[in-house]
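# Geometric and topological summary
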Amino acid sequence: QVQLVESGGGSVQAGGSLRLSCEASERTSVGWYRQTAVKEREFVSAINSHGGSTRYVESVKGRFTISRDNVKNTVYLQMDKLKPEDTAVYYCSRMSNAINLRLGSWGQGTQVTVSS
């Protein structure tokens, strides 16, 4: 079973940047999701195992960039121009190759807090 571990969260002011990392035990397609205390977990972005296909939720397009380093089996989520509404616990999970179906279980997540 593929294991994924998230890291890189923190606290920033609105307009700032953070980079999240998702280290996998083997190469796989990966998706990022986020959840708050008052909202259900939502899809944020995904990248396929070769890095040739990506997806983003509309609210982060132009601000977030997903990428991967297949030597390190790590997927990154570069988050720029952060807004208070981006505050959430962020999770990564294994995805299907078409990056339209979540296949894996959830990790512990990493907290992102954006203050106004």
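Relevant structure appears above.
The shown structure was predicted, so the numbers you read here are calculated from the model rather than taken from an experiment.

## Regarding the layout of surface pockets
One number sums up the size of the largest pocket: a volume of about 180 Å³. A total of three residues in the lining of the largest pocket trace back to one element, the largest contributor, which is strand 9 (residues 88-94). A per-class count over the lining of the largest pocket returns five nonpolar, six polar and one charged.

## Examining the pairing of strand 7 (residues 64-69)
Alternating residues of strand 7 divide into Phe64, Ile66 and Arg68, all buried, and Thr65, Ser67 and Asp69, none buried. Connecting strand 7 to the antiparallel partner strand 8 (residues 74-79) that follows it, the hairpin turn spans four residues, and asparagine 73 within it adopts a positive phi of roughly 50 degrees.

## A few points about the pattern of salt bridges
All told, the structure shown has five salt bridges when counted by the stated rule. Between aspartate 86 and arginine 34 there is a salt bridge whose closest N-O contact spans 3.0 Å. Of the two residues, aspartate 86 sits in the loop between strand 8 and strand 9 while arginine 34 sits in strand 4 (residues 30-35), which places them 52 residues apart along the sequence. Residues joined in a network through salt bridges with shared partners are Arg34, Lys39, Glu42, Arg63 and Asp86.

## Focus on the sheet that holds strand 1 (residues 4-7)
To summarise the sheet geometry, strands pair through backbone hydrogen bonds and adopt either a parallel or an antiparallel arrangement. Spatially, four strands are ordered 1-3-8-7 in an open sheet, and the strand pairing comes out antiparallel. Two strands bound the open sheet, and with one partner strand each, they are strand 1 and strand 7. Strand-to-strand twist in this sheet, taken as the mean axis angle between neighbours without regard to direction, amounts to 15 degrees. Sheet topology places strand 1 next to strand 3 (residues 18-24); four bridges connect them, and they run antiparallel. Looking at the pairing, leucine 4 lines up with alanine 24 of strand 3.

## Section: the nonpolar core
Ranked by size, the top nonpolar core spans 23 residues in total, and within it Trp32, Phe64, Leu77, Met79 and Tyr90 carry the most contacts. Those elements that place two or more of their residues in this core are strand 3, strand 4, strand 5 (42-47), strand 7, strand 8, strand 9 and strand 10 (110-115). Among the elements that take part in this core, strand 3 stands out by supplying four residues, more than any other. Ranked by size, the runner-up nonpolar core spans five residues in total, among them Phe43, Ala46, Met95 and Ile99.

## So, unusual backbone geometry
Positioned with a positive phi, asparagine 73 is a non-glycine residue whose angle comes to about 50 degrees. Along the chain, the position of asparagine 73 falls in the loop between strand 7 and strand 8. If you check the backbone angles, lysine 81 has positive phi at about 50 degrees while not being a glycine. In this structure, lysine 81 sits in the loop between strand 8 and strand 9.

Cut-off values and rules
- Residues numbered from 1 in each chain as written.
- Predicted model: local features only at pLDDT ≥ 70, side-chain atom pairs only at ≥ 80, totals over all residues.
- Heavy atoms only, no water.
- 1 Å grid on protein atoms, 1.4 Å probe; cavity = no way out; pocket = protein on both sides within 12 Å on 5 of 7 lines; lining within 4 Å.
- Points joined across faces, edges and corners; volume = space filled by probe spheres on them.
- Helix = DSSP H or I, 4+ residues; strand = E, 2+ residues; numbered from the N terminus.
- Nonpolar A, V, L, I, M, F, W, Y, C, P; charged D, E, K, R; others polar.
- Buried < 20%, exposed > 50% of the residue type's maximum accessible area, 1.4 Å probe, protein only.
- Pairing = 2+ DSSP bridges.
- Salt bridge = Lys/Arg side-chain N within 4 Å of Asp/Glu carboxyl O.
- Axes fitted to C-alpha atoms, helices over the stretch in contact; angles between N-to-C directions.
- Core = buried A, V, L, I, M, F, W, Y, C linked by side-chain atoms within 4.5 Å.

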